[in-house]
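Examination of the molecular architecture
For reference, the chains in residue letters:
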Amino acid sequence: VQLQAFGGGLVQPGGSLRLSCAASGRTFSTKAMAWFRQAPGKEREFVAGIIWSGGSTYYADSVKGRFTISRDNAKNTVYLQMNSLKPEDTAVYYCAADDLRPVISTTWRSYNYWGQGTEVTVSS
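1. Quick look at the packing of aromatic side chains
Overall, the coordinates contain 6 aromatic pairs when judged by the stated rule. Relative to Phe 46, the ring of Phe 36 lies with its centre 5.6 Å away and its plane at 80°, an arrangement referred to as edge-to-face. Of this pair, Phe 36 sits in strand S4 (residues 32-38) while Phe 46 sits in strand S5 (residues 45-51); the two residues are 10 residues apart in sequence, bridging distant segments of the chain. Taken individually, Phe 36 and Phe 46 each receive the classification buried, so the pair is uniform in this respect. Ring centres of Tyr 94 and Trp 114 lie 6.5 Å apart, and the angle between their planes is 75°; on these two criteria the pair is classed as edge-to-face. Here Trp 114 lies in strand S10 (residues 113-114) and Tyr 94 lies in strand S9 (residues 91-98), a separation of 20 residues in the sequence. Look at Tyr 94 and you get buried, because its relative accessible area is 16%. Each member of the aromatic cluster is reached from another via a ring pair, and the members are Phe 36, Phe 46, Tyr 58, Tyr 94, Tyr 111 and Trp 114.

Written out as structure tokens, the structure is:
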């Protein structure tokens, strides 16, 4: 499975962005997908995840109510709609896929496929 993430950019506090992650290759084997982020000097952290077949979702407390993860099965694409962005949301965002278990893990080591990352900067 190959993943390509895009949609990052510079946005003012309170603004919105939508990230996309397009999957190609053995996409039929995908069980779960997630977004992680990594700010400078910090560890990679879980943001949101989705079960590919059933659509169940899970969010980090820091983004709950502001971010929404969704997927388009026909396009093999997962999205992260980010609203009410804050400066602390600034990070490189990565999409990840797990083709082994239909479980949303908050641990980055659980995912065996990764996109290249897209940078999000929230600043006035």
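2. Things to note about the sheet that holds strand S3 (residues 17-24)
Spatially, the 4 strands line up as an open sheet ordered S1-S3-S8-S7, and their pairing is antiparallel. In this open sheet, the two edge strands, each paired with only one partner strand, are strand S1 (2-6) and strand S7 (67-72). Adjacent strand axes in the sheet meet at a mean angle of 15°, parallel and antiparallel pairs treated alike. Here 6 bridges tie S3 to strand S8 (residues 77-82), and the two strands are oriented antiparallel to one another. Looking across to S8, one finds that Leu 17 is bridged to Met 82.

3. Regarding the nonpolar core
Formed by 38 residues in total, the largest nonpolar core has its most connected members in Trp 35, Leu 80, Met 82 and Tyr 93. Residue assignment for this core shows that the elements contributing at least two residues are S1, S3, S4, S5, S7, S8, S9 and strand S11 (118-122). If near-sequence neighbours (up to four positions away) are discounted, Met 82 is found in contact with Gly 15, Ser 16, Leu 17, Leu 19, Arg 66, Phe 67, Tyr 93 and Val 120.

4. Observations regarding the pattern of salt bridges
Within this structure, the stated rule accounts for 5 salt bridges. Two residues, Lys 64 and Asp 61, come together in a salt bridge whose shortest N-O distance is 3.1 Å. A salt bridge links Asp 98 to Arg 101, with the nearest nitrogen and oxygen atoms 3.7 Å apart. Where salt bridges share partners, they join Arg 37, Glu 45, Arg 66 and Asp 89 into one cluster.

5. Observations concerning the state of the cysteines
By definition, a disulfide is the covalent link that joins the sulfur atoms of two cysteine residues. Using the criterion set out here, one finds 1 disulfide in the structure. The disulfide that involves Cys 21 links it to Cys 95, with 2.1 Å between the sulfurs. Residues Cys 21 and Cys 95 are joined through a disulfide that is right-handed, its torsion about the S-S bond being 60°. Here Cys 21 is found in strand S3, whereas its partner Cys 95 is found in strand S9, with 74 residues between them in sequence. A relative accessible area of 0% means that Cys 21 is categorised as buried. Residue Cys 95 is classed as buried on the basis of its relative accessible area, which comes to 0%.

Parameters at a glance
Residues numbered from 1 in each chain as written. Predicted model: local features only at pLDDT ≥ 70, side-chain atom pairs only at ≥ 80, totals over all residues. Heavy atoms only, no water. Phe/Tyr/Trp six-rings, centres within 6.5 Å; stacked < 30°, edge-to-face > 60°. Helix = DSSP H or I, 4+ residues; strand = E, 2+ residues; numbered from the N terminus. Buried < 20%, exposed > 50% of the residue type's maximum accessible area, 1.4 Å probe, protein only. Pairing = 2+ DSSP bridges. Axes fitted to C-alpha atoms, helices over the stretch in contact; angles between N-to-C directions. Core = buried A, V, L, I, M, F, W, Y, C linked by side-chain atoms within 4.5 Å. Contact = heavy atoms within 4.5 Å. Salt bridge = Lys/Arg side-chain N within 4 Å of Asp/Glu carboxyl O. Disulfide = S-S within 2.5 Å.

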